[in-house]
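Fold and contact review
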Amino acid sequence: MPTIHVMSPTLASQVAAGEVVERPASVVKELVENSLDAGAKSVRVEIRRGGVGLIRVTDDGCGMSREDASLCAKRHATSKLSSLEELFEITHLGFRGEAIPSIASVSRFKLCTRQQHALEGWEVRIDGGMEHEPRSSGVSPGTAIEVADLFYNTPARRKFLKSAETEASHVEHQIRLHALAFPQVRFTYRRDDQLVFDLPATTDLRVRISALTDPATAAALIPIEATTGPGISVSGYLLPLSEARRTRKGQYVFINTRPVEDQLINRAIRDGYGGFPTGLHPALFLYMEVEPALVDVNVHPAKKEVRFRRAADVVNTLVEAIANTLQRHARQETRPAAPAPDERPSAPFPAPAAAGNGTAATASPLSPSLGPTSKIPVFPSPAERPQGTSGPSPVLPVRPISLKQVPATQGRLDFPEKACSRPDAAPGTEGRAEKDLSADFKYLGTLHQQFALFETPEGLVLMHPKAARERIIFERLRAHRQAPMPSQHLLDPVMLDLDPRDFAVIQQFAPHFDQAGLTVTPFGQNTIRIESIPALLELDNAKAFLLELVDRLTQSEFSRNAKRMAYETFIAEIARKSAWKERISPHRAPAILKELLACEVPYCTPAGKPTLVNYSIPEIKRKFGMQA
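Now for a look at the structure at hand. Computed from a predicted model, the values in this text were never measured in an experiment. (Residues numbered from 1 in each chain as written. Predicted model: local features only at pLDDT ≥ 70, side-chain atom pairs only at ≥ 80, totals over all residues. Heavy atoms only, no water.)

**Some words on the packing of aromatic side chains**
What the rule picks out here adds up to five aromatic pairs. Where Y189 meets F197, the ring centres are 5.6 Å apart and the plane angle is 45°; that geometry is what we call tilted. Assigned by exposure class, Y189 and F197 land together as buried. Taking the centre distance of 5.1 Å and the plane angle of 5° together, the rings of Y252 and F285 count as stacked. With Y252 in strand β13 (residues 251–255) and F285 in strand β15 (residues 284–290), this residue pair connects regions lying 33 residues apart in the sequence. Members of the aromatic cluster, each reached through a chain of ring pairs, are F441, Y443 and F454. Here the guanidinium or amino end of R66 rests over the ring plane of W122, the centre of that ring lying 5.3 Å away. (Phe/Tyr/Trp six-rings, centres within 6.5 Å; stacked < 30°, edge-to-face > 60°. Buried < 20%, exposed > 50% of the residue type's maximum accessible area, 1.4 Å probe, protein only. Helix = DSSP H or I, 4+ residues; strand = E, 2+ residues; numbered from the N terminus. Lys NZ or Arg CZ within 6 Å of the ring centre and 35° of its normal.)

What follows is the structure, given as structure tokens:
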């Protein structure tokens, strides 16, 4: 067994860098926090090659003397803690004294600083942990830090980094977090010598939020009712449920100006909304002021998580603030009318006309309905228009596609419904002729004009015709994956302003979007333009659909099927919309069942919902108390 020895200071710093410096965004976070702790009123961040080539953070803070400039690169050297008592009442963003030496140990580091009233400044250079002698330098008051060639001496760490575009998106997101936490500070961000944004200082938080989001999001902000509890106060802005995401990218939570991610707070937010649609997360800008003695920020290497001394008080105050805000907003807003009859989904089988007049229900603006707010100007073909209606013809007419012309070719599918695939479909049998599996199904009739009933030797089977059609259409379209999906150009291209991380994902998967018939092109910083959509897909809300796709791709980032999802998510949506707008007569049920059973995955839709439900004879006998 090797003998125990003490690590060298350089090796110890490189080990610590594994926790502190995860990627270029981590470096930006630590350096910007130091600038804010120094009382800076203006912070400028510049990066090159996603932050790997260069990171430069310049501020107009208090600056440092020669002695302080030399000490700041030593491990556990800090000006923010001097006693154990202060550790439990932290009021600064940084306090451990590990960031600068960790960063300097894995990069070519240069620090230039000057105090406000000093006649000269000082420069400190460190290359991979090897410190050079400080020297005088003529610099402006404040501090400027350059981090070049990040991870140059730890190539294994550099291999874990993503593309320059992805890393730059994380850097920009980190700067946005600090800009939202400190609206009174000016933030300037340049990437590869191009100005991304220059945010002037403001005392109005809404102005800062508006500068970092698109106009529609800024207009939808709902001020949170200022609420106080024992040692805590809550403020900020909520967004309607139409802005909900499958990930928490839309949630910005700050505790004492520190961006945090905490499970306790996440649950309190959902409780404040009175529950939330499964798989979705509300969007909001939440600002909490907590007495420093009641919150512990020293529980996570990156200081993202916190612990509360009185967690119940925090939860109760948050729930009260959000619930009161939603109730007040619901009272102020006018309730919208129910959707028009032609917008409601029709039953699988035509239902008889109902006698009498029904009362249309109304929905609150904050109800869980994520319905569309505006339609993309794509004109339907004449064959798709209702009888007796007329409308303008498209400038770029598109030839309608008949789903019947698409052969039902088999193909392997790696999608959520994989678990409900047909058990008798052996690998490698794609394309072979199979026997008619519907021969053992005897059609009995319909139930409530919605479900088709079939008798089988094993018992009773219920089929949902529209769900079955969704599966059939999906597999037919999917069989043509080698050829691009037919697309339709939009008369007016749709412009969308996105979060930098979402923008990076869309850039990464843009070729797969083209394959699916959706053409998206960059149009300025974090802005994309949708120029065409799949010919069979009617998008009511382009941004919501695109962001949902981005969330799905983000969640499957480490899956080898992520690229395939960019295509299959589109055709799944096309199949759903095409199937559910059909009017299916009862006599078509046997033919639909035959087509369904010929599919590779016949027992559920692309989203995983069942198409067939089986009731066996033993199960039915047990219902009647008979011996199975």
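**Side note on the pattern of salt bridges**
Inspection of every chain in the model, using the stated rule, returns 22 salt bridges. Here D192 makes a salt bridge to R191, at a shortest N to O gap of 3.8 Å. The network of salt bridges with shared partners includes R44, E46, R56 and E146. (Salt bridge = Lys/Arg side-chain N within 4 Å of Asp/Glu carboxyl O.)

**A look at the side chain of R328**
Along the chain, R328 turns up in helix α11 (residues 311–332). There is a polar contact of 2.7 Å between the side chain of R328 and the backbone oxygen of P223. Setting aside anything within four residues of it in sequence, one finds R328 in contact with I222, P223 and E225. (Polar contact = N/O pair within 3.5 Å; in protein donor to acceptor, adjacent residues only side chain to side chain. Contact = heavy atoms within 4.5 Å.)

**Section: the sheet that holds strand β20 (residues 459–463)**
Taken in spatial order, the four strands make up an open sheet running β18-β19-β20-β24, and their pairing is antiparallel. Of all the strands in the sheet, the pair left with one neighbour each is β18 (442–447) and β24 (612–616). In this sheet, adjacent strand axes meet at a mean angle of 25° when their direction is disregarded. When strand β19 (residues 451–456) meets β20, the two strands line up antiparallel, connected through five bridges. Bridging across to β20, E455 finds its partner in L460. (Pairing = 2+ DSSP bridges. Axes fitted to C-alpha atoms, helices over the stretch in contact; angles between N-to-C directions.)

**Regarding the nonpolar core**
Counting 59 residues, the largest nonpolar core has V43, V45, F109, V147, F187 and Y189 as the members making the most contacts within it. For this core, the element with the most residues is helix α7 (residues 164–181), which contributes seven residues. Not counting chain neighbours up to four residues away, the residues in contact with V43 comprise V32, S35, L36, V57, T58, D59, V185, R186, F187 and T188. (Core = buried A, V, L, I, M, F, W, Y, C linked by side-chain atoms within 4.5 Å.)

**Here's the deal with the environment of K74**
Along the chain, K74 falls in the loop between α3 (66–71) and α4 (84–87). Placed 57 residues apart in sequence, K74 and E131 show a C-alpha to C-alpha distance of 9.9 Å. Once residues lying within four places of it in the same chain are set aside, the contact partners of K74 are G97, P101 and E131. Polar side-chain contacts of K74 include one of 3.4 Å to the side chain of E131.

**Thoughts on the side chain of Q251**
Topologically, Q251 is positioned in strand β13. A relative accessible area of 12% places Q251 in the buried class. Non-local contacts of Q251, meaning those with residues more than four positions away in its chain, are made with N266, I269, H281, P282 and L284.

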